[in-house]
Amino acid sequence: MKALVLEKYNDLVYKDVPDPVISDNEVLVKVKACSICGSDVHGFDGSTGRRIPPIIMGHEASGEIVETGKNVINWKPGDRVTFDSTVYPLDDWFTLRGYYNLSDNREVLGVSPGTYRRHGAFAEFVAIPQHILYRIPDTVTFEQAAMVEAVAVALHAINIGSISTGDVCLAVGAGKIGIFLVKLLKISGAGIVLVTDRNQSSIENALNCGADHAFLSNDPGLKKSMLKFTYGRGADISFEAVGKSETVNIAIDLVRKGGKLVLIGNTSPLVDFPLQKVVTGELKVLGSCAIRGEYETVLELLKSRKITVDDQISAVAGLSEGALWFNRLYKSTGDLKKVILVP
Ligand SMILES: [Zn+2]
């Protein structure tokens, strides 16, 4: 089959590779769409250490089943599917308690952090365990289904934050996850939705997606503006979707005393943490990791058109042009939204 292989850092090659071989519990999926995730772009240059070459990246995908292993039930060739980005063991302590996203020995599709290497979906075919598959509703396209993972990550953060009706919410970072946070917050009962980002184009995108107010993060009047829209107290819940010292500190600075901070961004292993502000403000700090079953809800939201994703797709391109689009995204300053590659 053809695949887009990260042969060495910053070097993606479109080439022939052997077809994946499925095990008894897996299905072979003919990939129809796979979006480029920010984590792929950051992994591409080696900076995260989670895409050690050689690796076929890609974990936000959809396709059609063409073959099933002998223990596969409920799935057959021709089924339109998307799948969780996490392959988790079924006999794990955390999985058995409903926390499969935290399970030991979980693997992410298209990731090779050194402890494992699991090829992903920037290829014609990918082998997928049956327990992570989800059926795509007839009215949802393969391209839309390739956006489900990113929406589900945002929905998981909202579930972790357990918002109450009318809560003033702030999204720090209006990249893909931040944008879907805004869209989901608007249909989840949030009150005023505020956004901050360093790029003007992302600010405009957030406003177009329903944010009530959005400000550049380097605006010296940022805090004053935010306080104006939060009854002088700060946001009830702050969602941080970048994962760097600067943005974590903005998220904490703009949340009210007794409020919640949901951390989704995962860029830096360590950040400066304003301990005294968190302690004296009794802030609740919550981590949000990947997805825990939110796929079904997101597919339903797409089917009922309660949420749209088409406006966040900048380009649909052939897989053979993958290297070009990775380079464009690498240099992008927020002007490019999602790019979907089609084998
Ligand atoms: Zn992703």
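Here is what the cut-offs are and how they apply
Residues numbered from 1 in each chain as written. Predicted model: local features only at pLDDT ≥ 70, side-chain atom pairs only at ≥ 80, totals over all residues. Heavy atoms only, no water. Pairing = 2+ DSSP bridges. Helix = DSSP H or I, 4+ residues; strand = E, 2+ residues; numbered from the N terminus. Right-handed = clockwise from strand over helix to strand, strands pointing away. Axes fitted to C-alpha atoms, helices over the stretch in contact; angles between N-to-C directions. Contact = heavy atoms within 4.5 Å. Disulfide = S-S within 2.5 Å. Buried < 20%, exposed > 50% of the residue type's maximum accessible area, 1.4 Å probe, protein only.

Chemist: Please give an account of the pairing of strand 16 (residues 313–318) that cites residues and values.
Modeler: Where strand 16 meets strand 17 (residues 338–342), five bridges bridge the pair, whose relative direction is parallel. Its bridge partner lying in strand 17, Ile313 is registered against Lys338. For the handedness criterion, the β-α-β arrangement of strand 16, helix 11 (residues 322–331) and strand 17 is classed as right-handed.

Chemist: An account of the sheet that holds strand 13 (residues 235–240) is requested, with residue identities and associated values reported.
Modeler: Ordered by their spatial adjacency, six strands build an open sheet running 12-11-10-13-14-15, and the pairing between neighbours is parallel. If you trace the sheet from one side to the other, it starts and ends with strand 12 (213–216) and strand 15 (284–287), each paired once. Each adjacent strand pair in this sheet contributes to an overall mean axis angle of 20 degrees, direction not counted. Bridge count for strand 10 (residues 169–172) against strand 13 is four bridges, and the pairing is parallel. Residue Cys169 lies in a different strand from strand 13, and its bridge partner there is Ile237. Along the sheet face, helix 4 (residues 148–161) touches strand 13, strand 14 (255–263) and strand 15 and points at about 145 degrees away from the line of strand 14. Lying on the sheet, helix 6 (residues 200–208) is in contact with strand 11 (193–197) and strand 12; it crosses strand 12 at an angle near 175 degrees.

Chemist: Tell me about the state of the cysteines, and name the residues and values.
Modeler: Summed over all chains, the structure comprises zero disulfides. A disulfide-free cysteine, Cys34 has its sulfur positioned 9.6 Å from the sulfur of Cys37, the nearest such atom. Here Cys209 is not disulfide-linked; the sulfur of Cys169 is the nearest cysteine sulfur, at 16 Å. Assessed through its relative accessible area of 10%, Cys209 is described here as buried.

Any link to function would need more than the numbers given here.
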